[in-house]
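Geometric and topological summary
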Amino acid sequence: QVQLVESGGGLVQPGGSLRLSCTTSGIFFSGITMGWYRQARGKQRELVATISRGGSTNYGNSVKGRFAISRDNAKNTVYLQMNTLKPEDTAVYYCAAQEPYRNTPDYWGQGTQVTVSS
């Protein structure tokens with residue numbers, strides 16, 4: 001059974017930082033692309049960042065230069081370091097796993113809330 005479990009969300013002030021983690025089980029972690037997506041209230045889910053099995057990264061335009069995605073294959077875990085957070089970063093953040101040669105994620109976590117507010 002595939003499981004993706006996010007942690008690290010919470011309330012942070014504008015300009016602050018958070019680090020999200022997503023620990024997986026039931027998948028061949030080192031062989032797949034991992035990603036983070038987010039969905040703000042009333043908006044569509046959007047790409048935040050992805051990291052391929054080879055370590056190549058891709059970021060949504062709104063987070064470039066502020067967020068960094070990384071992976072630890074030994075721990076079956078992907079991370080999202082979020083810096084210089086803005087109120088518009090407030091959303092539920094979802095971890096996702098995408099099998100090779102697929103165009104969209106195959107597996108999703110339950111999501112973790114990130115709220116940026118003073």
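Residues numbered from 1 in each chain as written. Predicted model: local features only at pLDDT ≥ 70, side-chain atom pairs only at ≥ 80, totals over all residues. Heavy atoms only, no water.

This part is about the overall build of the protein chain. Secondary structure assignment for the protein chain yields zero helices and eleven strands. The order of α-helices and β-strands along the protein chain, N terminus first, is β-β-β-β-β-β-β-β-β-β-β. Over its C-alpha trace the protein chain gives a radius of gyration of 13 Å, about what one expects of a compact globule, namely 13 Å for 118 residues. Projecting the C-alpha coordinates of the protein chain onto the three principal axes gives extents of approximately 40 × 25 × 25 Å. Total accessible area computed for the protein chain in this model is approximately 6400 Å², and 44% of it derives from carbon and sulfur atoms. (Helix = DSSP H or I, 4+ residues; strand = E, 2+ residues; numbered from the N terminus. Rg over C-alpha atoms; globule rule 2.2 N^0.38 Å. Areas by Shrake-Rupley, 256 points an atom, 1.4 Å probe, with all protein chains shown as cover.)

Moving on: unusual backbone geometry. Trans is the common state for peptide bonds, and a negative phi is the common state for residues other than glycine. Although it is not a glycine, Asn76 sits at a positive phi angle of roughly 55°. For Asn76, the location among the structural elements is in the loop between strand 7 (67–72) and strand 8 (77–82). One non-glycine residue, Thr84, adopts positive backbone phi at about 50°. Looking at the secondary structure, you find Thr84 in the loop between strand 8 and strand 9 (91–98).

Tracing the chain through its elements places Pro14 in the loop between strand 2 (10–12) and strand 3 (18–25). With relative accessibility at 41%, the residue Pro14 sits in the partly exposed group. Put simply, Pro14 and Asn83 are 69 residues apart on the chain and 9.6 Å apart in space, counted from C-alpha to C-alpha. Beyond its immediate sequence surroundings of up to four residues, Pro14 is in contact with Leu85, Pro87, Val116, Ser117 and Ser118. (Buried < 20%, exposed > 50% of the residue type's maximum accessible area, 1.4 Å probe, protein only. Contact = heavy atoms within 4.5 Å.)

This brings us to the sheet that holds strand 7. The strands making up a sheet associate through hydrogen bonds between their backbones, and the pairing can be parallel or antiparallel. With respect to topology, four strands assemble into an open sheet ordered 1-3-8-7, the strand pairing being antiparallel. Edge positions in the open sheet fall to strand 1 (3–7) and strand 7, since each of these has one partner strand only. Neighbour-to-neighbour, the strand axes of the sheet open up by a mean angle of 15°, direction not taken into account. Two strands pair when backbone bridges link them, and strand 7 and strand 8 are joined in this way by six bridges, in the antiparallel orientation. Directly across from Ala68, in strand 8, lies its bridge partner Gln81. (Pairing = 2+ DSSP bridges. Axes fitted to C-alpha atoms, helices over the stretch in contact; angles between N-to-C directions.)

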